[in-house]
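Geometric and topological summary
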Amino acid sequence: DRGRVGCPIHRQASIDHLVFSSPPAVTSPCKILKCNSEFWAATSGSHHLGTEEAPEFCTALRAYAHCTRRTARTCRGDLAYHSAVHGIDDLMVQHNCSKDGPTSQPRLRTLPPGDSQERSDSPEICHYEKSFHKHSAAPNYTHCGLFGDPHLRTFTDTFQTCKVQGAWPLIDNNYLNVQVTNTPVLPGSTATATSKLTIIFKSFQECVDQKVYQAEMDELPAAFADGSKNGGDKHGANSLKITEKVSGQHIEIQAKYIGTTIVVRQVGRYLTFAVRMPEEVVNAVEDRDSQGLYLCLRGCPLNQQIDFQTIRSAQATEGRARRKGPSLPAPPEAFTYETATAKCREKLPVEDLYFQSCVFDLLTTGDVNFMLAAYYAFEDVKMLHSNKDKLHLYERTRDLAPGNTAPSGTFPAFWVALLCLSQCWLGLL
């Protein structure tokens, strides 16, 4: 049933111990996942081949060993790396492969007819929307997104700017787990951005095997950690698929069996995340009251939230110079409040919270890629959010009665003038 926690990963027997996936708590320069993916892609379908293909398999295996040697220095403490090294040695012996010989990667194999990666006849249970005729009402969809320094839009359309340095869970339910790792943008800076993303799709009935997707700075794979692009060997495997939209910059994961779409982008050095998910799936947890922190559902803890209004007001009054201080070094490219505002208007003409996030990030980091991150985050909202009336979000100003909102663009002018006036009076005292 849908509330059931997934089963262990299904793995090809001959190389099962090569793909040990465990979401690390911190970002590592170890590139073993890339080595794993390249080997799986090169040998996909090899269990269908005869012994005459052994030389080609050995070539791929030597290339795999060469890849692990290149990343050995940065992978000393990584269990997946050590598992791969031992697995390569075992496979070398099993297939009588010589350690000396060509290491060029063979071309990708064409999967034989009827292979699970070509199936389109998934059972109805593996298509969430098709199975909904059994219910009294159509599903309600929600959206969550994380981008920039970082800014979070929760499933309930709450918008927060947070610190959340280190590893944090974005989603944690019966079907999938999503964890992000945020690291400082500059040494000693309070500004952080997402440098690593791990998504675990749990095994589900006859639809999909457990699959792990991992992305890091400068590495946005178009495949799962095991090199596959769908849900495995089950009958409904194509109800989980990865599509590369822009190489190295934009991938989309469709999980039709849970009615979910995930978009991951790399903008500059950092990652953005956006998801569209049915409320039924969002709330599918064993015990919601005892469930741990889950940012997309519960938001950031209070002690991790940044007071957007106060900081933005300070940015506006002090934006003509670099923001300096012991906790925030001057960014490599200085933006004033005026130049940051003008830059953000190029892509975000409506002064909503995406626009204000853009200004905040340019002043905090000096990196123009954060403007693009805000822009693409809003583009993803337009694609994924089911309620087109809620695309734009505006902050609730403190001087309005509850229930009233005002576009945030009306806020700075009055308060900045007031702050400047107060500073002038202090200077005369």
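Residues numbered from 1 in each chain as written. Predicted model: local features only at pLDDT ≥ 70, side-chain atom pairs only at ≥ 80, totals over all residues. Heavy atoms only, no water.

- Going by an unreviewed UniProt entry, the protein carries the name RGMA protein and comes from Geococcyx californianus.
- UniProt, in its Sequence similarities (unreviewed entry) section for the protein, records the words "Belongs to the repulsive guidance molecule (RGM) family." (UniProt positions renumbered as here; feature names shortened; annotations may be inferred.)

**So, the packing of helix α8 (residues 353–365) against helix α9 (residues 369–384)**
- The interhelical angle for the contact between α8 and α9, taken along N-to-C directions, is 160°, at an axis separation of 8 Å. On the basis of the axis angle, α8 is roughly antiparallel to α9. The interaxial crossing formed by α8 with α9 has right-handed handedness. Residue-level inspection shows Tyr354, Cys358, Asp361, Leu362 and Thr365 of α8 in contact with α9, the latter providing Phe370, Met371, Ala374, Ala377, Phe378 and Val381.
- Split by residue class, the contact of α8 with α9 holds nine nonpolar, one polar and one charged. (Axes fitted to C-alpha atoms, helices over the stretch in contact; angles between N-to-C directions. Helix = DSSP H or I, 4+ residues; strand = E, 2+ residues; numbered from the N terminus. Parallel < 35°, antiparallel > 145°, perpendicular 65-115°, else oblique. Left-handed = near helix turned anticlockwise from the far one by under 90°. Contact = heavy atoms within 4.5 Å. Nonpolar A, V, L, I, M, F, W, Y, C, P; charged D, E, K, R; others polar.)

**Some remarks on the sheet that holds strand β8 (residues 240–246)**
- Across the sheet, seven strands lie side by side as β3-β2-β1-β11-β10-β9-β8; this open sheet has antiparallel pairing. Strand pairing shows two members of the sheet lacking a second neighbour, β3 (159–161) and β8, which therefore form its edges. Each neighbouring strand pair of the sheet contributes to a mean axis angle of 10°, computed without reference to strand direction.
- Sheet topology places strand β10 (residues 260–267) next to strand β11 (residues 270–278); seven bridges connect them, and they run antiparallel. If you follow valine 263 over to β11, its bridge partner there is alanine 274.
- Docked against the sheet, α9 engages β1 (141–147), β2 (151–153), β9 (250–255), β10 and β11, running at close to 165° with respect to β10. (Pairing = 2+ DSSP bridges.)

**So, the pattern of salt bridges**
- Under the defined criterion, the tally for this structure stands at six salt bridges.
- Between lysine 211 and aspartate 226 there is a salt bridge, and its shortest N-O distance comes to 2.6 Å. Within this pair, whereas lysine 211 is found in strand β7 (residues 211–216), its partner aspartate 226 is found in the loop between β7 and β8, the two being separated by 15 residues in sequence.
- On the basis of relative accessible area, lysine 211 is assigned to the buried category, the value being 5%.
- Between glutamate 379 and lysine 382 there is a salt bridge, with the nearest N and O atoms lying 2.8 Å from each other. (Salt bridge = Lys/Arg side-chain N within 4 Å of Asp/Glu carboxyl O. Buried < 20%, exposed > 50% of the residue type's maximum accessible area, 1.4 Å probe, protein only.)

**Quick notes on the side chain of aspartate 352**
- Within the secondary structure, aspartate 352 sits in the loop between α7 (337–345) and α8.
- There is no salt bridge for the buried aspartate 352, and the closest opposite charge comes from arginine 153, which lies 6.9 Å off by N-O distance.
- A distance of 3.1 Å separates the side chain of aspartate 352 from the backbone nitrogen of tyrosine 354, its partner in a polar contact.
- Here histidine 392 takes part through its side chain, which lies 2.7 Å from a polar atom of the side chain of aspartate 352. (Lys, Arg positive; Asp, Glu negative; His and termini not counted. Polar contact = N/O pair within 3.5 Å; in protein donor to acceptor, adjacent residues only side chain to side chain.)

**A word on the state of the cysteines**
- Scanning the model with the defined rule gives six disulfides in all.
- Disulfide pairing places cysteine 58 opposite cysteine 97 at an S-S distance of 1.9 Å. Its S-S torsion of approximately -75° makes the covalent link between cysteine 58 and cysteine 97 left-handed. Taken together, the residues cysteine 58 in helix α2 (residues 54–70) and cysteine 97 in the loop between α3 (79–94) and β1 connect sequence positions 39 residues apart. In this pair, the class of cysteine 58 matches that of cysteine 97, namely buried.
- Two residues share a disulfide in this structure: cysteine 126 and cysteine 207, whose sulfurs sit 2.0 Å from each other. Between cysteine 126 and cysteine 207, the S-S dihedral sits near -95°, and the bridge is therefore left-handed. (Disulfide = S-S within 2.5 Å.)

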